[in-house]
Amino acid sequence: MRARTALVPAVGVVLGSGLGGLADELSDGVAVPFAELPGWPAAGAPGHAGRLLLGHLDQVPVVMLQGRLHLYEGHDPGLVVQPALLMGRLGARTIVLTNAAGGVNPAFGPGTLMVIADHLNLTGRSPLLGANADKIGPRFPDLTAVWAPDLRRALHEAGQAEGVELAEGVYAGLLGPSYETPAEVRMLRTLGADAVGMSTVLEAIAARWAGLAVCGVSLITNAGAGYTGKPLSHEEVLASGAEAGPRLGHVIRRFVRDRT
Ligand code: HPA
């Protein structure tokens, strides 16, 4: 990336399924397909462009990930978190993780935007397995406040300023790639989850470990399995992302502008 541009980003934004549109708002940016970065595979999930972009969003230097790497593609946890860590290496001190998710809280219907208050890592994996890179972060990182309270507050303020309603709740990250069974969704509710998806938690752990300030928003694209009796589909997820994505884009844009 340094061979392409000297730009030092203040903020990193990971754009999840169907949320890639914000990358089109970048000015004087460079866009690099994942596969052109050493050791990175091409993005595999449908709806994920798979590009790293550096540019300006309303004058603020940012780095964006259009699409991401998932465990369910068969990638190691350590690879899944490389984009988040690279954002930090490039200079970003704040990272915003977005995703598409199913609603586990029955009050969170399709189109709900949920600021992530905390997470459940139910993937059974950790990006920090193996020898610890002490130069980057501690062996046993504290996760009491992965989702930075001040940034959560800033997201809500950005939502208010943009007239976009934001809920808040707990995101459960699962391995996937199958959607959940209705019994699993009931279990997740019992465990305290408000939303469920197949990403984000490993990136959050790694970014926090590396000392970045982390926040995020889930776009609820569908009611969790079993709530409506209708089958879940990736098409529904992408369609809902297309509808609500621009609303989330406004919030993130305002949030980024307020960082300066
Ligand atoms: N479950 C898991 N991941 C998802 C869902 C879901 O219902 N919707 C979008 N991503």
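Going by the structure above, here's the rest.
About the thresholds
Residues numbered from 1 in each chain as written. Predicted model: local features only at pLDDT ≥ 70, side-chain atom pairs only at ≥ 80, totals over all residues. Heavy atoms only, no water. Phe/Tyr/Trp six-rings, centres within 6.5 Å; stacked < 30°, edge-to-face > 60°. Buried < 20%, exposed > 50% of the residue type's maximum accessible area, 1.4 Å probe, protein only. Lys NZ or Arg CZ within 6 Å of the ring centre and 35° of its normal. Helix = DSSP H or I, 4+ residues; strand = E, 2+ residues; numbered from the N terminus. Polar contact = N/O pair within 3.5 Å; in protein donor to acceptor, adjacent residues only side chain to side chain. Contact = heavy atoms within 4.5 Å. Near = heavy atom within 4 Å. Nonpolar A, V, L, I, M, F, W, Y, C, P; charged D, E, K, R; others polar.

J.: I'm lost on the packing of aromatic side chains in this one. Help?
T.: In this description, an aromatic ring pair is defined by two values, namely the gap between the centres and the angle between the planes. In the structure shown here, the tally under the stated rule is one aromatic pair. Look at Phe-34 and Trp-40: their rings are 5.4 Å apart centre to centre, the planes differ by 80°, and that puts the pair in the edge-to-face class. Each member of the pair, Phe-34 as well as Trp-40, carries the same accessibility label: buried. For the cation-ring pair, Arg-259 lies above Phe-255, with the distance from its terminal atom to the ring centre recorded as 4.4 Å.

J.: When you look at the side chain of Asp-194 in this model, what are you seeing that I'm missing?
T.: By the element assignment, Asp-194 lies in the loop between helix H4 (182–191) and strand S8 (195–197). A distance of 3.1 Å separates polar atoms of two side chains, one belonging to Asp-194 and the other to Arg-189. Excluding residues within four positions of it along the chain, Asp-194 makes contact with Gly-102, Gly-103, Val-104, Asn-105, Phe-108, Met-114, Gly-169, Val-170 and Arg-189.

J.: Before we go on, may I ask you to explain the site of the ligand in this structure?
T.: The local shell around the ligand consists of Ala-100, Ala-101, Gly-102, Tyr-179, Glu-180, Val-196, Gly-197, Met-198, Thr-221, Asn-222, Leu-232 and Val-237. In the model, a nitrogen atom of the ligand is placed 2.7 Å from a nitrogen or oxygen of the Glu-180 side chain. Asn-222 is positioned such that a nitrogen or oxygen atom in its side chain is 2.7 Å from a nitrogen atom of the ligand. If you tally residues by element for the shell around the ligand, the top one is strand S5 (residues 94–103), at three residues. Of the residues in the shell around the ligand, the class split is seven nonpolar, four polar and one charged.

J.: What's the story with unusual backbone geometry in this structure? I'm lost.
T.: Residues apart from glycine generally show negative phi values, whereas peptide bonds are mostly found in trans. Residue Pro-177 is reached from Gly-176 by a cis peptide bond, and omega for that bond is -5°. With phi around 35°, Asp-28 is a residue other than glycine that occupies positive phi space. Relative to the helices and strands, Asp-28 is located in strand S2 (residues 27–33). When its relative accessible area of 62% is taken as the criterion, Asp-28 is described as exposed. Phi angles above zero are rare outside glycine, and Asp-58 is one such case at about 50°. Within the secondary structure layout, Asp-58 lies in the loop between strand S3 (51–57) and strand S4 (60–66). Taking the relative accessible area as the measure of exposure, Asp-58 reaches 25% and is therefore partly exposed.

Function cannot be inferred from these measures alone, as they are strictly geometric.
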